[in-house]
Structure formats: structure tokens, C-alpha cells
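Now for the letters of each chain:
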Amino acid sequence: MAWGVISDMGSVTIRTSDIETSVRDAVGILGLTEVGRDGRSVHLAAVGDRAELTYVAAEEDGLERLGLVAPTLDGLHEVRRRIEHEGLPVLSTTPSQPGIEDAFTFLGPEGFAFEVVVRPGTGPAQPVGFGPKRYGHFNFHPQDHRRMVAFLTEVLDFRVSDVIGTGGSIGYFLRCSTEHHGIALVGGRGTLHHHAWETQSFVDLAKLGDRLHAHGRELLWAPVRHGAGQNLAAYYLEHSGNVVELYTDMEHIYDDDRPPVEWPDGKVWWNEWSTQSGFLPEGFRDHGLAPVAKH
Ligand SMILES: [Fe+2]
């Protein structure tokens, strides 16, 4: 169920200075399938043939674009009307990848580029092998997180699921469907922190650790039971410097009148399984990618 102009999370596009390593990790560690290449771009998906993660070969690592899905063409046109009313620049009016019915890309607050797409429906699809079921959310660290939450709720119709810190001093978790969050934002230095993928089961979080170990790598943080969203999660660092999350068992919200859950200062929202100081790994929030789009 979706109520607004955005109904689902779409994709993430990342510039990488080593595209073959990035693609190899996305296939061998995350479990995605390569679904196409064009120019300097490689498209990957959890299931089906619609890109959910695109790597673009570049000199420097960076965040190129965050994709959002509009439920209908009318919804897409309404988003564009609102974006132009806000005075935000439209960067492109053509889809950035194949398999998209219509799309446009705009430059949002703090240089974060968003592509809004309408995509044709597909039948039920299941993951092949150990891969995740779908791309689920991103977590980013805007410098002015209150301005960003106002933009996402007032212009793009996201709803606040949880408020982090007294009065939102730390951040917000937002939803565009029944899933607890499609976007999480924590005030920070203006970077994307992680993109997140829903796994088939809790065991897949352990299997992620096994695959990382087999590749001479390691988990960044796991396993945890988040307070905000209730999801079980595991994290690793991808080549670009961005964090990747695998998660399962996230809360779904079916009550439109559910008030936001508040996590005042001092209440642990990031891990219900341990409140030991330092259990959020040191430097965890320092990872991430700055957006490459410029005004
Ligand atoms: Fe997350």
C-alpha cells in the first residue's frame, strides 16, 4: 500500500574507481546478478532484470544518483510539478537505464540527485541462489537533516516512522510503503552511508560473514537487532567506501495513524541486543560517499 507520489525504493547508482572489483563483490558477496552493461555502467539486480544497483566506472568514488519509484505516470508528473515548484533543477528527462517506462532526474537538497521512475510491473520473482530478495532502503547523512526530512515528507509524501534523538536531534526513519523505512537519515557530513537489501532469512546474515571470510574480508558490524525498524542486520564495506547492509524481519506498518516512535537521547535505537558502550563499531558512521552532482 502506498499513499503518496512515491511508492517504492528504486535503485542506487555509484561511481567507482575499480568497477570490476565492485561488480565482482556485488555478485560474489552481495549475491546480485549482472543484468546489463552500457558505456561505463554495469547494472545489477537482486531478482528479475531491472537494475537496482548500477556501478559507473570513474576516476573517483562517489554517489551519482538515488532512485525512487512513482506508482503511475500521473504520479511521476505530479512529482515533477512539485520539484519545479520548489525551484529544484531538473537534470534529465530520460531514463538512466533500460526497462524504465518514464523517468526524470532532479537535484535535491545538498547536491543529492534523485531519479524518479515509473517502471512496468513484473510477475512474482524469486532470488536465485543466496542473493537478496530486493533492494529495500538507503541511509544517508545530510548536513541539514531537518531540511532534508521536511523535503522528503512535504514534497515527496514520505511518512515519519521513528524520530531519533530528542525532537529529532539525531535523525529520522521514513517510509513510502508499509515497510518501516525506505530512507533513514542521520545528521552528518553530507554523504550516503549505506544501501540495504532484504535477505531471504536470518541465516543469510551469517552466510554473508562466511562469504566475506572466504574472500579475506570481514563483517563491519553484525548481527544486530535494530530498535528503529526492528530489522536484523549485518554490514560490510564495499570497494567504493560505501557501506552495504543485508537485513531481514523489518517491521511493517499497516496503521496509517501509528504515531512515530520516539527514541530520546540516551535510549539505544541502534541495537536492542547490547547496550555496551562501543557496540556501535568505532568509525561506523564515518564511512560513506559524497554526491557527485553539482549545482
Ligand atoms: Fe539500514
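Structural data are supplied above this passage.
Computed from a predicted model, the values in this text were never measured in an experiment.

## As for the nonpolar core
Counting residues in each nonpolar core, the largest one holds 72 residues, and the members touching the most others are Ile6, Ala70, Val116 and Leu152. Looking at which element gives the most residues to this core, the answer is strand 15 (residues 232-237), with five residues. Here this core gathers at least three residues from each of two domains, domain 1 (8-118) and domain 2 (134-285).

## Focus: the sheet that holds strand 15
Judged by pairing direction, the sheet is mixed, and its nine strands sit side by side in the order 14-15-16-13-9-12-11-10-17 without closing on themselves. Two strands close off the open sheet at either side, each with one partner strand: strand 14 (221-225) and strand 17 (261-263). The average undirected angle you get between the axes of adjacent strands in this sheet is 20 degrees. Inspection of the sheet shows strand 9 (residues 134-141) paired to strand 13 (residues 191-198) by seven bridges, in the antiparallel sense. Note on strand 13: the bridge partner recorded for Phe140 is Leu192. Those strands touched by helix 3 (residues 145-154) are strand 10 (159-164), strand 11 (171-175) and strand 12 (183-186), and its axis lies near 160 degrees from that of strand 12. Each of strand 14, strand 15 and strand 16 (243-248) touches helix 4 (residues 203-214); the most contacted strand, strand 15, lies at about 20 degrees to it.

## Focus on the pairing of strand 16
Along any regular strand the residues' side chains alternate between the sheet's two faces. Within strand 16, six of the six residues are buried, leaving the element largely enclosed by the surrounding structure. The alternating pattern of strand 16 places Val243, Glu245 and Tyr247 and Val244, Leu246 and Thr248 on opposite faces, both of which are buried. Here strand 15 runs beside strand 16; their pairing, made up of six bridges, is antiparallel. Across the sheet, the residue bridging to Leu232 is Thr248, located in strand 16.

## Re the sheet that holds strand 8 (residues 113-118)
An order of 2-3-4-1-5-8-7-6 is seen for the eight strands of this open sheet, with the pairing classed as mixed. In this open sheet, the two edge strands, each paired with only one partner strand, are strand 2 (33-38) and strand 6 (90-92). Mean inter-strand twist for the sheet, computed between neighbouring axes without regard to direction, equals 25 degrees. Bridging between strand 2 and strand 3 (residues 41-45) involves five bridges; their strand directions are antiparallel. Of the residues in strand 3, the one forming a bridge with Arg37 is Val42. Strands in contact with helix 1 (residues 19-30) are strand 1 (8-16), strand 2, strand 3 and strand 4 (53-57); relative to strand 4, the strand with the most contacts, it is inclined by about 160 degrees.

## Here's the deal with the pairing of strand 12
As defined by bridge partners, strand 9 adjoins strand 12 across three bridges and the pair is classed as parallel. Its bridge partner being in strand 12, Phe138 is matched across the sheet by Ile183. Strand direction decides the pairing type here: strand 11 and strand 12, joined by four bridges, are antiparallel. Bridge pairing in strand 12 links Gly171 to Val186.

Reading the values: the criteria
- Residues numbered from 1 in each chain as written.
- Predicted model: local features only at pLDDT ≥ 70, side-chain atom pairs only at ≥ 80, totals over all residues.
- Core = buried A, V, L, I, M, F, W, Y, C linked by C-beta atoms within 7 Å.
- Buried ≥ 20, exposed ≤ 12 C-beta atoms within 10 Å, placed from the backbone.
- Helix = DSSP H or I, 4+ residues; strand = E, 2+ residues; numbered from the N terminus.
- Domains from an automatic or database assignment.
- Pairing = 2+ DSSP bridges.
- Axes fitted to C-alpha atoms, helices over the stretch in contact; angles between N-to-C directions.
- Contact = placed C-beta atoms within 7 Å.

So yeah, pure geometry; function would need other evidence.
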